[in-house]
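# Fold and geometry: a report
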Amino acid sequence: LPPRHMDSVIQIVEALESTDDGFTGTVPELARALGGCSTPGCRAVLGEPPDVPPAPPTLSHERWLLFTQLLHQDAAAPERGAVLAPDGSTVALGPLLAGIEVGLKRAAGWPGPTVEPPIDALYAVTVSEVLGTSFLLARDGDGNRATLGPSGCWDDVDDPQNYTLLGPPSPVPDAVANGAMDGVLLGAHLAQAPIPLADLLRGYYGMGNGTEKGRPASSYRRRDFGVLTGPGKLEKEVAAMLRVLRVLPPTRELLEDVGPEEVVAIARQAAQDFTEVYVECPAIVPRCMWGARPYRGTPKPLTLPLGSVYIHHTFIPSAPCRTFTACARAMRAMQRFHQDTRGWDDIGYSFVVGSDGYLYQGRGWHWVGAHTKGYNSKGYGVSYVGDFSATLPDPDAIALVRDGLLPCAVRTGRLHRNYTLRGHRQMGDTDCPGNSLFHEIETWHGFK
């Protein structure tokens, strides 16, 4: 089959939009016919799905098969409907196209669903039903049932076919969260200014323009979703959706013993956790996505929370990386150098900062690194890709660590509240992290 890449999806959408030959309705309606939005809440909002049409003549058998597979919802494996986007993130198509359908309907004057209590259809079909259900199911459990995440990895980023989760699945793995946020953002955009779907997706995901035009809009999804969705909005929509599910026959039983106060408590927890994990904390690209070699030997565990953070720059590569492909290549080059030339067990840094909007996992949160001699077990080593002796990283890349990673590490118990931040040069004989970056971090919280 064609690669499970957003490129393949756009080619399918383009073929479907380019003709009326035997294909009626919109692409999102077709997606719903194929099972892309088949939950009780989604049916209550958008109506019963249309019948599955015959394969459109404009699509090859392989493309039709891929589209059908991506939209066949499997509650036991929600990640199966996911594709790889050019920015290295993974996106579930179901919530993405459901949000887009609501946007198109609103642009055409649709008054919205007639359900009680009233709900915001855009959130209902993307995030609030699946999020409310996930936290509802977890409340009876033993505390071990995952409510959000995990991320996952593709078998081959050049020809992605299989996506494997990195842990036990929740109803909201990262791919579904990304698809839901994108569905809200693109649905809201279409409601104001309808354009052909292929153009919308190409512009948002940065097809073929990832390098010339800077970062694609999709790499800002966490920031943009946070701006559009204030803290109270998500909680309100999850609570309203749970009240709607209480009266729908398929889900009535699930909520029969849940009182009004508990609905509010579930919605609050769900909105709070989703916001922390997917809005306030930055996305971290796992090792398997950048093509890491295995760790050599046995990693030593850190004792959390740690008290320090040490800021570095890579010096080589000296240019910032601005795409997923370039940053992944830089990670592999650094790991090779650290393992083969320096003789270390692994890439030395805990995390590496790209200028593509993403952090890359080195040793990660839990294992002792090799970044700041004599202090590796006391703090995290965070390194910016590039040489920042004379220039600064992009403002976005500065904010990614200063306003994203560090507060997130404190909130999640990985870093002491009163942590100390230092440049590498303060701990050893080196110019790292470069004069410009060092003067910048002198202004950050925690700098000593």
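Definitions and cut-offs
Residues numbered from 1 in each chain as written. Predicted model: local features only at pLDDT ≥ 70, side-chain atom pairs only at ≥ 80, totals over all residues. Heavy atoms only, no water. Pairing = 2+ DSSP bridges. Helix = DSSP H or I, 4+ residues; strand = E, 2+ residues; numbered from the N terminus. Contact = heavy atoms within 4.5 Å. Axes fitted to C-alpha atoms, helices over the stretch in contact; angles between N-to-C directions. Buried < 20%, exposed > 50% of the residue type's maximum accessible area, 1.4 Å probe, protein only. UniProt positions renumbered as here; feature names shortened; annotations may be inferred. Salt bridge = Lys/Arg side-chain N within 4 Å of Asp/Glu carboxyl O. Phe/Tyr/Trp six-rings, centres within 6.5 Å; stacked < 30°, edge-to-face > 60°. Lys NZ or Arg CZ within 6 Å of the ring centre and 35° of its normal. Core = buried A, V, L, I, M, F, W, Y, C linked by side-chain atoms within 4.5 Å. Parallel < 35°, antiparallel > 145°, perpendicular 65-115°, else oblique. Left-handed = near helix turned anticlockwise from the far one by under 90°. Nonpolar A, V, L, I, M, F, W, Y, C, P; charged D, E, K, R; others polar. Domains from an automatic or database assignment. Buried area = accessible area lost by both parts, 1.4 Å probe.

It is worth spelling out the sheet that holds strand 7 (residues 351-353) at this point. Read across the sheet, six strands follow the order 5-8-7-9-6-10 without closing on themselves; strand pairing throughout is mixed. On the outer flanks of this sheet lie strand 5 (284-285) and strand 10 (415-423), each paired with one strand and no other. Two elements, strand 5 and strand 8 (residues 359-361), share two bridges in a ladder whose sense is parallel. Across the sheet, residue Val285 finds its bridge partner in strand 8, namely Tyr360. Sheet strands touched by helix 15 (residues 395-411): strand 6 (306-313), strand 7, strand 8, strand 9 (379-384) and strand 10. Its angle to strand 10, the strand with the most contacts, is close to 145°.

Moving on to the pairing of strand 9. Taken across its six residues, strand 9 has six buried, putting it largely inside the fold. Examined bridge by bridge, strand 6 and strand 9 share six bridges and lie parallel to one another. Across the sheet, His312 pairs through a bridge with Ser383, a residue of strand 9. Both strand 7 and strand 9 contribute to a ladder of three bridges, which runs parallel. Following the sheet pairing, Phe351 is matched in strand 9 by Val382.

Along the chain, Gly88 falls in the loop between strand 1 (82-84) and strand 2 (90-92). Separated by 344 residues in the primary sequence, Gly88 and Cys432 place their C-alpha atoms 28 Å from one another. Leaving out residues up to four positions away in the same chain, Gly88 has contacts with Met289 and Phe324.

Before going further, it helps to examine the UniProt feature "domain: Peptidoglycan recognition protein family" (unreviewed entry) in the protein. On the UniProt side, "domain: Peptidoglycan recognition protein family" (unreviewed entry) is annotated at positions that read residues 282-428 here. Counting secondary structure, residues 282-428 comes out at 27% helix and 21% strand; the distance between its end C-alpha atoms is 29 Å.

Attention shifts here to the pattern of salt bridges. Counted under the stated rule, the structure contains 23 salt bridges. For Arg139, the salt bridge is made with Asp257, and the minimal N-O distance between the two is 3.4 Å. With Arg139 in the loop between helix 6 (121-138) and strand 3 (152-154) and Asp257 in the loop between helix 11 (249-252) and helix 12 (260-280), this residue pair connects regions lying 118 residues apart in the sequence. A relative accessible area of 24% places Arg139 in the partly exposed class. Within the structure, one salt-bridge network assembled from shared partners comprises Arg106, Asp120, Lys233 and Glu237.

Once that is clear, we can look at the packing of aromatic side chains. One pass over the full model with this rule turns up ten aromatic pairs. With 6.3 Å between their ring centres and 80° between their planes, Tyr384 and Phe388 make a pair best called edge-to-face. Its relative accessible area of 1% is what places Tyr384 among the buried residues. Among the residues examined, Phe388 registers a relative accessible area of 2% and is labelled buried. Members of the aromatic cluster, each reached through a chain of ring pairs, are Phe225, Phe274 and Tyr278. Taking the ring centre of Trp110 as reference, the NZ or CZ of Lys105 above it sits at 5.9 Å. A cation over a ring is seen here: Arg215 above Tyr220, with NZ or CZ 3.8 Å from the ring centre.

Turning next to the UniProt feature "domain: N-acetylmuramoyl-L-alanine amidase" (unreviewed entry) in the protein. Annotation from UniProt places "domain: N-acetylmuramoyl-L-alanine amidase" (unreviewed entry) at residues 294-434. Structurally, residues 294-434 comprises 25% helix and 21% strand, and the distance from its first C-alpha atom to its last is 30 Å.

Another aspect to go through is the nonpolar core. Inside soluble globular proteins, nonpolar side chains tend to come together where they are buried. By size, the foremost hydrophobic cluster in this structure holds 77 residues, and its most contacted members are Phe67, Leu96, Ile100, Leu131, Leu197, Leu201 and Phe274. Non-local contacts of Leu96, meaning those with residues more than four positions away in its chain, are made with Met6, Val91, Gly179, Asp182, Gly183, Leu186, Leu201 and Tyr205. Listed in part, the 28 residues of the second largest apolar core include Phe388, Ala397, Ile398 and Leu406.

Turning to the packing of helix 5 (residues 93-107) against helix 7 (residues 174-192), a few remarks are in order. With their axes 7 Å apart at the nearest point, helix 5 and helix 7 run at an angle of 15° to one another. As summarised for this structure, helix 5 and helix 7 are arranged roughly parallel, according to the angle between their axes. Relative to helix 7, the crossing made by helix 5 is right-handed. Here Pro95, Leu96, Gly99, Ile100, Gly103, Leu104, Arg106 and Ala107 of helix 5 come into contact with helix 7, specifically with Val176, Gly179, Ala180, Asp182, Gly183, Leu186, Gly187, Leu190 and Ala191. Classifying every residue of the contact of helix 5 with helix 7 gives ten nonpolar, five polar and two charged.

This brings us to the domain arrangement of the protein. Annotation of the protein at the domain level lists domain 1 (6-280) and domain 2 (288-442). With centres defined by C-alpha atoms, the gap from domain 1 to domain 2 works out at 33 Å. Contacts between the two partners involve 19 residues from domain 1 and, on the opposite side, twelve residues from domain 2. Between domain 1 and domain 2, a total of about 1200 Å² is buried, with carbon and sulfur atoms accounting for 58% of that surface. The largest per-residue losses of area from domain 1 upon contact with domain 2 belong to Arg215, Glu276 and Glu280, which jointly make up 37% of the total buried on that side. Applying the counting criterion to the domain 1 and domain 2 interface returns three salt bridges. Here Arg411 makes a salt bridge to Glu280, at a shortest N to O gap of 3.6 Å.

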